[in-house]
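# Understanding the architecture of this molecule
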Amino acid sequence: MVSTSTQIAGFAFDNCLMNAAGVACMTKEELAEVKDSAAGTFVTKTATLDFRQGNPEPRYQDVPLGSINSMGLPNNGLDYYLDYLLELQESEPNRTFFLSLVGMSPEETHTILKKVQASDFKGITELNLSCPNVPGKPQIAYDFETTEKILSEVFAYFKKPLGIKLPPYFDIVHFDQAAAIFNKYPLEFVNCVNSIGNGLYIEDESVVIRPKNGFGGIGGQYIKPTALANVHAFYQRLKPEIQIIGTGGVLTGRDAFEHILCGASMVQVGTTLHKEGVAAFERITAELKVIMEEKGYESLEDFRGKLKYIEE
Ligand code: DHB
């Protein structure tokens, strides 16, 4: 009777766990594997307008406490993902999937979003404002002026359900400033967090990935406290219509439980999915259900956002 079902943007999902964009989502075959696992849904690899080869390999490395990557936005281009999602709308009309996208420039972002708006796509769009790995292109959401300009322009024509993928913030003033901007727009969700950008992992005397002399986005156990802080900071600040997707450091059911306690309505799995494969969804779901049973919780609503503080 314990359920991990959830809703995002008014769409129902039978499980709150899904992949994080970038992992197990480059090809239709990988997406189908996530779709047919215990995950509630999938999100595509962040699509640009055209196919991209990405950065030179090696560009992703699993390490003991997480992962480091500098993929450089390799992807099959918008049409590849959009065509697959339109096929699934016919074959699986009762399920909803996420399309992740961003342009290589604000102009390209608008071109892509206008194509999605004009298409028959009925799912959820995630605009990625946080890719840290394309040389010369800063993480958009660290530039509040550009972020606000993009959002104001986007919502002039984009009328489908839209959320944004955010980088981690590390300052209370930045949480305040970012939330004040997001609260001006009809966003369905914010997804906290993308990798902690531009870390460096060293083995013996060398970096472990080729691009950018080894600098890359950090995921896994390293980032859970930062991810939870971002989920909860935005849960406290955003208007209730904007939901939170929690991403970062989810290895176990306990980790997913903590994300939900901080306010997440959906929980994404990246590094652990890369290490363990789609079996991770069944395991983490079972672990989450055991915790809920022990605590007498029947649904996520029973504890979502109910993080306890230490009284004065
Ligand atoms: C890539 C990495 C990211 O963290 C992201 O949000 C988008 C793309 C990449 O390197 O491919």
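All values reported here derive from a predicted model rather than from experimental measurement. (Residues numbered from 1 in each chain as written. Predicted model: local features only at pLDDT ≥ 70, side-chain atom pairs only at ≥ 80, totals over all residues. Heavy atoms only, no water.)

### Focus on the UniProt feature "binding site: FMN" (unreviewed entry) in the chain
We apply this condition: UniProt positions are given in the numbering used here, feature names are shortened, and annotations may be inferred rather than shown by experiment. Going along the chain from the N terminus, every DSSP run of H or I of four or more residues is numbered as a helix, and every run of E of two or more is numbered as a strand. Residue burial is assigned from relative accessible area. The probe radius is 1.4 Å, only protein chains are included, and a residue is buried under 20% of its type maximum, exposed over 50%, and partly exposed in between. We call two residues in contact whenever any of their non-hydrogen atoms come within 4.5 Å of each other.
Look at the UniProt record and you will see "binding site: FMN" (unreviewed entry) annotated at Lys45, Thr46, Asn128, Lys165, Val193, Gly220, Gly248, Gly249, Gly270 and Thr271. Counting through the fold element by element, Gly249 comes out in the loop between strand S14 (243–247) and helix H7 (253–261). Judged by relative accessible area, which is 7%, Gly249 ranks as buried. With residues near it in sequence (within four places) discarded, Gly249 still touches Gly220, Gln221, Ile223, Lys224 and Asp255.

### With respect to the site of the ligand
Inclusion rule: Think of it this way: one heavy atom of a residue within 4 Å of a molecule or strand is enough to make that residue near it. Within 3.5 Å is the distance limit for a polar contact, defined as a pair of N or O atoms, with the added protein rule that one can donate a hydrogen and the other accept it, and that residues adjacent in sequence qualify only through two side-chain atoms. Only Asp, Glu, Lys and Arg are considered charged in this grouping, and only Ala, Val, Leu, Ile, Met, Phe, Trp, Tyr, Cys and Pro are considered nonpolar; every other residue, Gly among them, is considered polar.
Near the ligand, the surroundings consist of 13 residues, among which Gly72, Leu73, Asn128, Asn133 and Asn194 are the closest. A distance of 2.9 Å separates an oxygen atom of the ligand from a polar atom in the side chain of Lys45. At a separation of 2.7 Å, an oxygen atom of the ligand approaches a polar side-chain atom of Asn128. Tallied by class, the residues present in the shell around the ligand amount to 5 nonpolar, 7 polar and 1 charged.

### Some words on a nonpolar patch on the surface
To keep things clear, this is the line we draw: For patch building, the residue pool is restricted to those with more than 30% relative accessible area and no salt bridge; the joining distance is 9 Å between like charges and 5 Å between nonpolar side chains (Val, Leu, Ile, Met, Phe, Trp, Tyr). Note that accessible areas follow from Shrake-Rupley with a 1.4 Å probe, and for residues the cover is restricted to the protein chains shown. The term salt bridge refers to a side-chain nitrogen of Lys or Arg lying within 4 Å of a carboxyl oxygen of Asp or Glu.
A contiguous nonpolar patch, built from Leu200, Ile202, Val207 and Phe215 and spanning about 330 Å² of accessible area, is present on the exposed surface. Along the chain, Leu200 falls in strand S10 (residues 196–200).

### Digging into the UniProt feature "domain: Dihydroorotate dehydrogenase catalytic" (unreviewed entry) in the chain
Per the UniProt annotation, the sites labelled "domain: Dihydroorotate dehydrogenase catalytic" (unreviewed entry) are residues 5–292. The straight-line gap between the two end C-alpha atoms of residues 5–292 is 13 Å; of that span, 36% is helix and 20% is strand.

### Focus: the nonpolar core
Basically, it comes down to this: Residues enter a nonpolar core if they are buried and are Ala, Val, Leu, Ile, Met, Phe, Trp, Tyr or Cys, with the set joined through side-chain atoms within 4.5 Å.
Membership of the largest hydrophobic core comes to 85 residues, with the highest contact counts inside it found for Leu99, Ile164, Leu166, Tyr169, Phe182, Val190 and Phe234. Membership of the second largest hydrophobic core comes to 10 residues, among which are Met18, Val43, Ile124 and Met266.

### Some details on helix H5 (residues 172–182)
Put simply, the test is: Arc, as used here, means the arc of the directions from the helix axis to the C-beta atoms.
Residues Phe175, Ala178, Ala179, Ile181 and Phe182 constitute the buried set of H5. The buried residues of H5 occupy an angular sector of 155° when the element is viewed end-on, so they sit on one face. Here the buried face of H5 lies against helix H4 (144–157), strand S8 (162–166), strand S9 (189–192) and helix H6 (224–237). One side-chain oxygen of the residue at the start of H5 lies 2.9 Å from the amide nitrogen of Val173, identifying that residue as Asp171.

### Regarding the packing of aromatic side chains
Note the cut-off: Note on ring pairs: Phe, Tyr and Trp rings are taken, using the six-membered ring of Trp, and paired if centres are within 6.5 Å. Classes follow the plane angle, with under 30 degrees stacked, over 60 edge-to-face and the rest tilted. The rule for a charge over a ring is simple: NZ of Lys or CZ of Arg within 6 Å of the ring centre, and within 35 degrees of the ring normal.
Inspection of the entire model under this criterion finds 13 aromatic pairs. Ring plane angle 10° and centroid distance 6.1 Å describe the contact between Phe42 and Tyr84, whose orientation is recorded as stacked. One end of the pair, Phe42, is in the loop between helix H1 (28–35) and strand S4 (60–63); the other, Tyr84, is in helix H2 (residues 78–91), and 42 residues separate them in sequence. There is no split in this pair, since Phe42 and Tyr84 are both buried. Ring plane angle 35° and centroid distance 5.8 Å describe the contact between Phe144 and Tyr169, whose orientation is recorded as tilted. With Phe144 in helix H4 and Tyr169 in the loop between S8 and H5, this residue pair connects regions lying 25 residues apart in the sequence. We classify Phe144 as buried; its relative accessible area is 18%. Site record: aromatic cluster; members linked through ring pairs are Tyr142, Phe144, Tyr169, Phe175, Phe182 and Phe234. Above the ring of Tyr80, the side-chain terminus of Lys28 is found at 5.1 Å from the ring centroid. Just above the ring of Tyr157 sits the side chain of Lys114; from NZ or CZ to the centre is 4.9 Å.

### Some points on the pattern of salt bridges
A full pass over the atoms with the stated rule returns 14 salt bridges. Residues Lys115 and Asp79 are paired through a salt bridge, measuring 3.2 Å at the closest nitrogen-oxygen approach. A residue pair is termed long-range when its members are at least 10 positions apart, and Lys115 in helix H3 (residues 106–118) and Asp79 in helix H2 qualify at 36 residues. The salt bridge involving Glu258 is made with Lys224; its shortest N-O contact spans 2.9 Å.

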